[in-house]
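Geometric and topological summary
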Amino acid sequence: MGEVIVITSGKGGVGKTTTTANIGTGLALLGKNVAIVDADIGLRNLDVVMGLENRIVYDLVDVAEGNCRLKQALIRDKRYPTLHLLPAAQTRDKNAVSPEQMKVLCEELKQEFDFVLIDCPAGIEQGFKNAVAGADRAIVVTTPEVSAVRDADRIIGLLYAEGLTAPKLIVNRIRQHMVKKGDMMNIDDIVDILAIDLIGIVPDDEYIVVSTNRGEPAVASADSQAGKAYQNIVQRLMGAEVPFLNLDEPQNFWGRMKKIFAR
Amino acid sequence: MAHDVLIKGNRYGLELIVDAVGEFAELLQAVEKKLTSASEFFAKAPTPPLICLKGQALLSAEQKTALGELLQRYGLCLEERVEPVREREQPRTAAPAYEIPAFLSGGEAVERPTLFVYKTLRGGQEIRYHGSVVVLGDVNPGARIFAEGDILVTGSTRGVLHAGVLGDENTVITAGRLAGGQVRIAGCIARAPDQEENTQGPERARVSGDQIVIQTVNR
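The paragraphs below set out a description of the structure included in this document. (Residues numbered from 1 in each chain as written. Chains lettered and ligands numbered in written order. Predicted model: local features only at pLDDT ≥ 70, side-chain atom pairs only at ≥ 80, totals over all residues. Heavy atoms only, no water.)

With that out of the way, let us pick up the overall build of chain B. From N to C terminus, chain B includes 3 helices and 15 strands. The proportion of buried residues among the 219 residues of chain B is 38%. (Helix = DSSP H or I, 4+ residues; strand = E, 2+ residues; numbered from the N terminus. Buried < 20%, exposed > 50% of the residue type's maximum accessible area, 1.4 Å probe, protein only.)

With that settled, consider the nonpolar core. Residue and element names in this part refer to chain A. V6, L86, L109 and L194 are the most contacted members of the largest nonpolar core, which has 52 residues in total. Looking at which element gives the most residues to this core, the answer is helix α7 (residues 146-161), with 5 residues. Leaving out residues up to four positions away in the same chain, L109 has contacts with A35, V37, L70, L74 and V116. One finds V14, L52, L85 and V234 within the second-largest nonpolar core, a separate group that totals 35 residues. (Core = buried A, V, L, I, M, F, W, Y, C linked by side-chain atoms within 4.5 Å. Contact = heavy atoms within 4.5 Å.)

Another point: the interface of chain B and chain A. Counting residues at the interface gives 8 residues for chain B and 10 residues for chain A. Taken over both partners, the interface formed by chain B and chain A buries close to 790 Å², and the fraction arising from carbon and sulfur atoms is 42%. Connecting chain B to chain A are 2 salt bridges. Among the ionic pairs, A:D192 bridges to B:R158, the shortest N-O distance being 4.0 Å. (Buried area = accessible area lost by both parts, 1.4 Å probe. Salt bridge = Lys/Arg side-chain N within 4 Å of Asp/Glu carboxyl O.)

Here we come to the side chain of A:T143. With respect to the helices and strands, the residue A:T143 is situated in the loop between β6 (137-142) and α7. When neighbours within four sequence positions are excluded, A:T143 is seen to be in contact with A:V14, A:A148, A:V149, A:N172 and A:R173.

Residues and elements named next belong to chain A. Across the sheet, 8 strands lie side by side as β3-β4-β2-β5-β1-β6-β7-β8; this open sheet has mixed pairing. Among the strands making up the open sheet, the edge pair consists of β3 (75-76) and β8 (197-203). Sheet topology places strand β2 (residues 34-38) next to strand β4 (residues 83-86); 4 bridges connect them, and they run parallel. Paired with V37 across the bridge in β4 is L86. (Pairing = 2+ DSSP bridges.)

Residues and elements named next belong to chain B. What the rule picks out here adds up to 1 aromatic pair over all chains. Ring geometry for F116 versus Y118: centroids 6.1 Å apart, planes at 25°, classification stacked. On the basis of relative accessibility, which here comes to 45%, the residue F116 falls in the partly exposed class. The class for Y118 is exposed, based on a relative accessible area of 64%. R128 extends its terminal NZ or CZ atom over the ring of F146, reaching a point 5.1 Å from the ring centre. (Phe/Tyr/Trp six-rings, centres within 6.5 Å; stacked < 30°, edge-to-face > 60°. Lys NZ or Arg CZ within 6 Å of the ring centre and 35° of its normal.)

Turning next to α7(A). Residue and element names in this part refer to chain A. End to end, α7 covers 23 Å across 16 residues, agreeing with the expected 22 Å (1.5 Å per residue, within 8%). Among all positions in α7, only A148, V149, A152, D153, I155, I156, G157 and L159 are buried. In this structure, the buried side of α7 is in contact with β1 (3-8), α6 (126-133), β6 and α9 (187-194). The positive-phi residue at the C-terminal boundary of α7 is G163, with phi of around 90°. (Expected span 1.5 Å × (residues − 1).)

This is how it looks when you write it as structure tokens:
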């Protein structure tokens, strides 16, 4: 029996979909049976980030309405055989599915998969209620911006009300040099306000843009900082104790050389 | 806003439970509607039933009289009950449950119903209470507390705290750290300075003259 994890944030554009794609791929790389579900009905893009857009035949609404069997709608990833995507409908809206239908769907997916990741839409309306309905755990994604942290706080309150009392936090797109100069909120400030367990810090990485456009999640790449951060998050999700990335470390060859000689 | 009005019986009389809070005029209408629909039931009662008010509604003295008059037209008396009376024989206007010691008689102690909140209040969460509110946690930005009495927050507060909403200027707001947001006492409003200040220890806000002053709490 698997576990359903919802990935949510409140605010849009903080990296829910990227996080879902990377954690899903990371778990699949470790040989886990994973289903990722796009709950953003009407504005689907998890399929694009995964590079599986043109394989969609049936979608989540078709399954909920009984137009097809669950197996028919699940798309097997082209690179990782244990990774499956349940895409959202593009022509409908959030009201096409009810929380009860989502609960049934999650129960069914849990029988088949070790991990079921749900990509939650932005906002706190129907789409959010659907996405969290069947979840056992929650991951809240935020960026080091006051507005994103404010929304994350609101979402944590709403998750509590739904019975998800121990959400985990991912701080995405952190820029260490700005934090050092005092131009960006640091991790401690964020954790201080939100007061939930931190499960990952993902640095701002240009490679994410490249990987998103290519449809290849960054977690599979060995030399992406963000990819490494996602690998660590996956390890922590599976219960391992992994230290957080040291973002202060100079990453290029010359930087490392300089550090050696500086000793 | 639609008012949810419920009448329930208990062993002392009837309770009028009003949950949603909004315009007082609408509330009166909702209560009247409910009473009209239940007037036959009241007519059968052997003695004029007592009715007491429960729920989230905060009412001022004038509003309470208005509601009392409305209820009287239906043969009911409004009875305000702060604490449940345990014995039937016990008079309703009983002596306070706790005798304030003489050495605290200069106003250093006030007896009031108090709501304890054992968690952090997050954005969008709101508490309205007809007494004092104690939060064992933080009050985050976007959260609001409206209390007839005092407010105490053990952690830091960045939300909106309003003590003495019915105009009691003697109420105070105390917090482990007043980190931002607004403090309001009765009709006065103060907001955090735009520049963050380094403060040490808990602080208390009170009304002095016609403005709010904030002092560190000396232990």
